[in-house]
Every structure is written in C-alpha cells, then in structure tokens.
Amino acid sequence: MADDSSGEGLRQRLARTSEDALGKLAQDLLENSLVNGALTRAFEAREKAVQAQEVAMGALNLPSAADIERLTRRVRSVSQRLEGIADGVDRLDQRLAGLDRAAGPEQRLDAIEEQLRAIAAVLATLSERTEAVANPAPPRQRRTTTNRKPAESAPAAEPTPSE
C-alpha cells in the first residue's frame, strides 16, 4: 500500500511540474516579440480569409452558416405558427361536426316553432287573466229572507222666507 501512495504522489508532482513548465514556456513565448507578432499576423490573416470566403460565397450566391442559422430559426417559427393554426382548425372542425350531429337546421326550426307556440299559449292565458282582473264582473245581489222596514224618508226642508 505504501507503493500505491508513493506512486500517486509521484504522479501529482510530475503533473504539477509539467503544468508549471508549460505555463512558463507559454509566458515566455507571448513575451517574445517575434512570436507575438507572428500570432497577431496569423489572426489577421484568418479574419481576412473569413471575409474573402464570405465575399466568394456571396458572389456564387451561396448562403453562409449565419444565413442558414437565421433561415432555420424562421422555419421553426413558421412551423410553430402553422401547428397552432392547424390545432385551431381541428377544434373548429370538431365543433361544426358536433353541431351537424346534434340537429339539422329544419329540426332546429321545428323545435323553435313549437317553443313559440307554447309561449303564445301562455301569453294568451295571462292576457285573459289580466283582463279579468282589470274589468271585474258586477257583483251579484243576494236575496235575504229578513224583513226590513223601508227607511223613512227625511223630512223636507222648510222654505225660508225671502226678504
């Protein structure tokens, strides 16, 4: 077991020293003006090559990767919108099919006419009752079996002498 731990320690020391050596080498290279100038010119050349490639593809009427990416995003957006429209059309189609199954226009009109007849009958009944309440029949006089004396007439007023 002691061999395993010493092997692991050696491995860590080698990794650490190699990382340090590579870091120092990279730092020295970047500080070197010749290497730094060469890297700068290489990056500039790369940018010019990309620009030249875009000009050449444009001259040949070929799309760039950015053009294809924009087109892909637009196609996805249109696809999502079409799916939403298709879902709406499906829902509308289902509602229309439900209405067709429920009753045809003639059957619906017959049902409406029947309801109107029932309403007219109720209104006629209410109208008759309203007229009966507004114009009641004169009350019937009762005959009584009791003997009543006729009321004596009031004495006539005496004429007053005029002056």
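Cut-offs used in this document
Residues numbered from 1 in each chain as written. Predicted model: local features only at pLDDT ≥ 70, side-chain atom pairs only at ≥ 80, totals over all residues. Heavy atoms only, no water. Helix = DSSP H or I, 4+ residues; strand = E, 2+ residues; numbered from the N terminus. Expected span 1.5 Å × (residues − 1). Polar contact = N/O pair within 3.5 Å; in protein donor to acceptor, adjacent residues only side chain to side chain. Patch = residues over 30% accessible without salt bridge, like charges linked within 9 Å, V, L, I, M, F, W, Y side chains within 5 Å. Areas by Shrake-Rupley, 256 points an atom, 1.4 Å probe, with all protein chains shown as cover. Salt bridge = Lys/Arg side-chain N within 4 Å of Asp/Glu carboxyl O.

*Asks:* Help me out: how do you make sense of helix 2 (residues 33-59) in this one?
*Replies:* For an α-helix the count is 3.6 residues per turn, leaving residues at separations of three or four pointing the same way. With 27 residues, helix 2 should reach 39 Å at 1.5 Å per residue; the first-to-last C-alpha distance of 39 Å fits that figure. Taking the backbone nitrogen of Leu 34 as reference, a side-chain oxygen 3.1 Å away marks Asn 32 as the first, capping residue of helix 2. At the C-terminal side of helix 2, Asn 61 shows a positive phi close to 60°.

*Asks:* What am I meant to see in a nonpolar patch on the surface here?
*Replies:* Taken together, the side chains of Leu 109, Ile 112, Leu 116, Ile 119, Val 122, Leu 123 and Leu 126 make up a nonpolar region of the molecular surface, amounting to roughly 670 Å² of accessible area. Along the polypeptide, Leu 123 turns up in helix 4 (residues 105-134).

*Asks:* Could you clarify how one ought to interpret the pattern of salt bridges in this entry?
*Replies:* Two side chains bearing opposite charge may form a pair once their charged atoms approach each other closely. A complete count under the given rule lists 4 salt bridges for this structure. When the shortest N-O distance is used, the salt bridge between Arg 117 and Glu 113 registers 3.9 Å. Residue Arg 117 and its partner Glu 113 are located together in helix 4, separated by 4 residues, close to a single helical turn. Note that Arg 117 is salt-bridged to Glu 114, the shortest N-O span being 3.0 Å. Of this pair, Arg 117 and Glu 114 both sit in helix 4, 3 residues apart, which is roughly one turn of that helix. One connected set of salt bridges, linked through shared partners, spans Glu 113, Glu 114 and Arg 117.

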